[in-house]
Amino acid sequence: MKVIIIGGERVPYFLAKKLIASGYKVYFVNKDKEICEEYSRTLNAAIIYGDGQSKVVLDHLGIEPDDIVVLLMERDRKNFFIARLVQEYYKVRNVVTFLNNSENEDLFDRYGIRTLKVTDLIMQNIEPLLFENEVVEMIKDEASNRGATVLKIDVDWDSKIADKALHELKIPDGIVVAGIVREDKYLIPRGDTIIKPDDKLILICSEEQSKTAMEIFFL
Amino acid sequence: MVTIEVMKLKQINYRLYVIVVGCGRVGLEVAARLSYIGFDVTIVEKSPDALSALPEDYGGFTTIGDATERDVLKRAKAEKADLLITTTGDDPTNYFVSLIGSKIFGITNVLSLVRSKENVALFEKSGIRAISPISLTIDTFERSILEGVELATGDGK
């Protein structure tokens with residue numbers, strides 16, 4: 001059994017390295033001449049310079065049904081085309097591909113092509129961050145020029161407020177902790193909520209009180 | 001041949017709805033011709049400039065956008081299409097759009113231009129009728145040559 005990686009720039013390099021280290025035979029197909037030359041020097045893999053979308057090129061690889069084909073081309077339609085070629089002509093059972101546009105998942109599923117939904121993965125990771133910024137921006141919009149201000153405070157592990165309950169901080173009137181962003185959750189704080197390192201605190205306070213707020217939370 | 005079919009359809013008062021993807025030299029002519037003989041036609045093309053090459057009397061619709069994206073095919077009302085014709089210059093694109101048309105939007109008749117002869121088999125296996133300009137040209141040549149040979153040998157007798 002061999003692993004055939006088609007397309008891609010850096011991902012195939014590290015992928016191939018790991019696979020080779022685990023004892024697999026790796027084939028790498030790319031139509032970029034420079035990448036092929038570089039990898040032929042640095043990787044102990046079979047490097048094939050050519051367009052993976054062409055059956056003539058694929059025919060050279062001696063692909064067999066139990067080989068694993070990994071598709072890393074930058075376009076869904078290219079990956080789909082190659083996936084179908086190797087399924088039809090060499091009866092390959094296991095095809096894994098990058099998927100940029102997740103709405104195409106249904107078509108890949110239909111043909112039993114496994115997909116790595118890159119866009120979805122990135123979205124899942126940045127969504128909490130986007131949400132946090134949205135909240136701050138929204139409150140800022142409402143508060144600005146109306147005598148209030150919004151502060152965002154990152155809690156470090158050595159911060160003096162870390163591991164304390166909010167009520168211990170003796171927060172004066174005119175300062176409100178509106179929210180705590182903890183990992184991918186937005187917490188609505190209460191007096192007994194414990195602040196933890198890596199939390200992000202969102203404060204709303206009157207402009208006069210912002211200095212006091214900084215003193216309480218930072219100094 | 002096509003026109004007889006169209007006449008029949010006209011008699012039963014049915015207008016075929018055709019989506020043509022790609023407004024290159026082939027797509028343009030196909031869309032214009034089908035519209036001229038009475039089909040309802042929408043041509044999908046991502047470059048607005050290419051659409052300006054359509055003849056002035058083209059009576060069909062146009063949809064601007066990349067046909068590999070679902071919302072573009074939805075805007076072109078793909079779920080209502082009787083026939084999908086893909087004519088872009090890239091075989092993987094034609095293949096991808098053809099299969100989204102047939103498998104996702106349920107279009108029963110799909111015709112595709114296939115640039116590279118070696119790809120014809122894959123299209124046919126996937127239920128897409130493939131039109132390969134190179135194969136057509138070679139077939140035509142072959143037929144003309146054989147006819148010429150027949151004439152020559154016939155004269156020789």
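The sections below set out a description of the structure shown in this document. Just so it is clear, the structure is predicted and the values come from calculations on it, not from any experiment. Note that residues are indexed from 1 along each chain, following the sequence as it is written. Each chain takes a letter, starting from A, and each ligand takes a number, starting from 1, following the order in which they are written. The predicted nature of this model means local features are confined to residues of pLDDT at least 70 and side-chain atom pairs, given and counted, to a pLDDT of 80 or more, with totals for whole chains, interfaces and linings taken over all residues.

**Examining the overall build of chain B**
This is how the line gets drawn: Under the scheme used here, helices are H or I runs from DSSP no shorter than 4 residues and strands are E runs no shorter than 2 residues, and both carry numbers assigned from the N terminus. To sort residues by exposure, count the other C-beta atoms lying within 10 Å of each residue's C-beta; 20 or more gives buried, 12 or fewer gives exposed, and values between give partly exposed, all with C-beta atoms placed from the backbone. Residue pairs are scored as contacts if the distance between their C-beta atoms, which are placed from the backbone, is within 7 Å.
The secondary structure content of chain B amounts to 7 helices and 6 strands. Going from N to C terminus, chain B has its helices and strands arranged as α-β-α-β-α-β-α-β-α-β-α-β-α. Within chain B, the fraction of its 157 residues that count as buried is 33%. Sequence-distant contacts in chain B: of pairs separated by 6 or more residues, those separated by 24 or more amount to 47%.

**Section: the overall build of chain A**
Stated formally: This radius of gyration counts C-alpha atoms alone. The globule rule is 2.2 Å times how many residues there are, raised to the power 0.38.
Helix and strand content of chain A: 7 helices and 10 strands. Relative to the globule expectation of 17 Å for 219 residues, the C-alpha radius of gyration of chain A, 27 Å, shows a markedly less compact shape. The principal-axis extent of the C-alpha atoms belonging to chain A is close to 75 × 35 × 30 Å. Burial statistics for chain A: of 219 residues in total, 28% are counted as buried. The contacts of chain A with a sequence gap of at least 6 include a subset with a gap of at least 24, amounting to 57%.

**Here's the deal with the sheet that holds strand S4 (residues 68-71) of chain A**
Residues and elements named next belong to chain A. Stated precisely, the cut-off is as follows: Any two strands with at least two DSSP-identified bridges between them are counted as paired. Inter-axis angles, ranging from 0 to 180 degrees, are taken between N-to-C directions of lines fitted to C-alpha atoms, where helices are fitted over the stretch in contact.
In spatial order, the strands read S3-S2-S1-S4-S5-S6; together these 6 strands make up an open sheet with parallel pairing. Two strands bound the open sheet, and with one partner strand each, they are strand S3 (46-49) and strand S6 (114-117). This sheet shows a mean twist of 15° between the axes of neighbouring strands, independent of strand direction. Pairing of strand S5 (residues 94-99) with S6 involves 4 bridges; the strand directions are parallel. Across the sheet, the residue bridging to Leu99 is Lys117, located in S6. On top of the sheet, helix H2 (residues 33-42) reaches strand S2 (25-30) and S3; it is set at about 165° to S3, its chief contact.

**Brief notes about unusual backbone geometry**
Unlike most non-glycine residues, Asp163 of chain A shows phi in positive territory, near 65°. Mapped onto the fold, Asp163 of chain A is located in the loop between strand S7 (148-154) and strand S8 (175-182). Classification of Asp163 of chain A as partly exposed rests on a count of 13 C-beta atoms within 10 Å. The phi dihedral of Lys77 of chain B falls on the positive side, at around 60°, and the residue is not glycine.

**Quick look at the interface of chain B and chain A**
What counts here: Any residue outside Ala, Val, Leu, Ile, Met, Phe, Trp, Tyr, Cys, Pro, Asp, Glu, Lys and Arg is labelled polar, Gly included; the first ten of those are nonpolar and the last four are charged.
Across the contact, 13 residues belong to chain B and 14 residues belong to chain A. Elements with a contribution of two residues or more to the side of chain B that touches chain A: helix H5 (91-104) and helix H6 (120-125) of chain B. Here the element with the most residues in the side of chain B that touches chain A is H5 of chain B; it accounts for 8 residues. Of the residues assigned to the side of chain B that touches chain A, the class counts are 7 nonpolar, 2 polar and 4 charged.

**Some words on the sheet that holds strand S1 (residues 17-21) of chain B**
All names here are of chain B. Strand order in this open sheet of 6 strands is S3-S2-S1-S4-S5-S6, and the pairing throughout is parallel. At either end of the open sheet lies a strand with only one pairing partner, and these are strand S3 (61-64) and strand S6 (129-131). Strand-to-strand twist across the sheet, computed as the mean angle between neighbouring axes with direction ignored, equals 20°. Sitting on the sheet, H5 is in contact with S1, strand S4 (83-86) and strand S5 (109-113), with an inclination near 175° to S5.

Distances and angles like these do not, on their own, reveal function.
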